[in-house]
Amino acid sequence: MRVRRMATFVSAVALLVGGLSGTANAAPLNAGMEAALVTGDDVPAPPPPPVTKDGVQVKGSWVGPYTYRNLNSGKCLDILNGSKDNGAPAVQYRCVAGMAGQMWYLWHTEGDGSIDFHLLGNAYTGKCLMAWSHDLMAPIKQIGCYAYTPEQVWITKSTDPNVHQNDGTNLCMEVLGGSLDDFASIVQWDCHHQAHQIWLRYNA
């Protein structure tokens, strides 16, 4: 009886240790987004066209999709847990090929070649990125796409094509504190053009 109990105890400990070890070594999953994988040549649809203050659709079209990889962390722009809710925060997450939540469309509002004004719309959630306030370190979140809200318009310049400056706040999108972690928050800060403020664009 003692031998059987000891064997059971050892097996339980081994299972527990193995489980903990596997958990520790496994990459964290962005719940909800891992299931939204695009296979083959399928391309997710862009968000609905942005609307004016009166609810009228804006003329134009979405361009993309693209993925945005942070130069400092090597991780991709994403929405936390694939939430489709207004106010869901933008985060960085390990880049996963074919993950729709890491695919972004651009809607150009104006520009002259040296400067470009655009919206950033998520292919999975159908919502656009917006600076949530004018404060330093204010989070970047998603909400429905509106062409009349300066805080939802992002500026890139030909001299710094991978830095996104907010039209409403004049602050730039970056990874909070230059973190290398999955789920690190995307916030706005003074434009300094360091690596954690640089987003390399790739065709999705």
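Our structure is the block above this text.
Cut-offs and rules
- Residues numbered from 1 in each chain as written.
- Predicted model: local features only at pLDDT ≥ 70, side-chain atom pairs only at ≥ 80, totals over all residues.
- Heavy atoms only, no water.
- Core = buried A, V, L, I, M, F, W, Y, C linked by side-chain atoms within 4.5 Å.
- Buried < 20%, exposed > 50% of the residue type's maximum accessible area, 1.4 Å probe, protein only.
- Contact = heavy atoms within 4.5 Å.
- Helix = DSSP H or I, 4+ residues; strand = E, 2+ residues; numbered from the N terminus.
- Disulfide = S-S within 2.5 Å.
- Salt bridge = Lys/Arg side-chain N within 4 Å of Asp/Glu carboxyl O.
- Phe/Tyr/Trp six-rings, centres within 6.5 Å; stacked < 30°, edge-to-face > 60°.
- Lys NZ or Arg CZ within 6 Å of the ring centre and 35° of its normal.
- Patch = residues over 30% accessible without salt bridge, like charges linked within 9 Å, V, L, I, M, F, W, Y side chains within 5 Å.
- Areas by Shrake-Rupley, 256 points an atom, 1.4 Å probe, with all protein chains shown as cover.

What is the right way to read the nonpolar core from this model?
Most often, soluble globular proteins have nonpolar side chains that are buried together. Counting 18 residues, the largest nonpolar core has Tyr68, Leu77, Leu120, Leu129, Ile140, Met173 and Ile186 as the members making the most contacts within it. In this view, isoleucine 186 contacts Leu77, Ala90, Val91, Gln92, Pro139, Ile140, Met173, Glu174, Val175 and Trp199; residues no more than four positions away in its chain are not counted. Of all hydrophobic cores here, the second largest spans eleven residues; its members include Trp62, Ala123, Cys128 and Val153.

Would you take a moment to explain the environment of valine 43 for this structure?
Looking at where valine 43 falls in the secondary structure, it is placed in the loop between α1 (2-25) and β1 (62-70). Overall, valine 43 belongs to the exposed group, its relative accessible area being 55%.

How should I be thinking about the state of the cysteines in this particular structure?
By definition, a disulfide links two cysteine residues through a covalent bond between their sulfur atoms. Scanning all chains against the criterion turns up three disulfides. Paired by a disulfide, cysteine 128 and cysteine 145 hold their sulfur atoms 2.1 Å apart. Because the sign of the S-S torsion sets the handedness, a value of about 95° for the bond joining cysteine 128 and cysteine 145 places this disulfide among the right-handed ones. Of this pair, cysteine 128 sits in strand β6 (residues 128-131) while cysteine 145 sits in the loop between β7 (140-143) and β8 (154-157), and the two are 17 residues apart along the sequence.

Would you mind showing me how to read the pattern of salt bridges here?
Any two side chains of opposite charge can pair, on the condition that their charged atoms come close. One pass over the full model with this rule turns up one salt bridge. As a salt-bridge pair, aspartate 182 and lysine 75 come within 3.1 Å of each other at their nearest N and O atoms. Pair noted here: aspartate 182 is in the loop between β10 (172-175) and β11 (186-189) and lysine 75 is in the loop between β1 and β2 (76-79), with a separation of 107 residues, a long-range link. Of the two residues, aspartate 182 and lysine 75, both sit in the buried class.

Please clarify how the packing of aromatic side chains should be interpreted in this entry.
Aromatic ring pairs: the centre-centre distance and the angle between the two ring planes describe each pair. According to the stated counting rule, one finds three aromatic pairs in the structure shown. Residues tryptophan 62 and tryptophan 107 carry aromatic rings whose centres are separated by 5.2 Å and whose planes lie at 80° to one another, so their mutual orientation is edge-to-face. Residue tryptophan 62 is located in strand β1, and its partner tryptophan 107 is located in strand β4 (residues 104-111); the two are separated by 45 residues in the primary sequence. The class for tryptophan 62 is buried, based on a relative accessible area of 14%. Looking at tryptophan 107, the relative accessible area reads 3%, which means it is buried. A ring pair is formed by tyrosine 146 and tyrosine 148, whose centres lie 5.6 Å apart and whose planes are at 45°; its orientation type is tilted. Geometry around tyrosine 124 places lysine 84 over its ring, the cationic atom sitting 4.7 Å from the centre. Taking NZ or CZ as reference, arginine 201 lies 4.1 Å from the ring centre of tyrosine 66, over its face.

What is the right way to read a nonpolar patch on the surface from this model?
Together, Leu136, Met137 and Leu176 line one region of the surface with nonpolar side chains, adding up to about 260 Å² of accessible area. Summarising the element assignment, leucine 176 is placed in the loop between β10 and β11. A relative accessible area of 36% means that leucine 176 is categorised as partly exposed.

Just checking my understanding: could you explain the side chain of threonine 169 for this structure?
Topologically, threonine 169 is positioned in the loop between β9 (160-166) and β10. Using a relative accessible area of 11% as the deciding quantity, one classes threonine 169 as buried. If sequence neighbours within four positions are ignored, threonine 169 has contacts with Ala131, Ser133, His134, Glu151 and Gln188.

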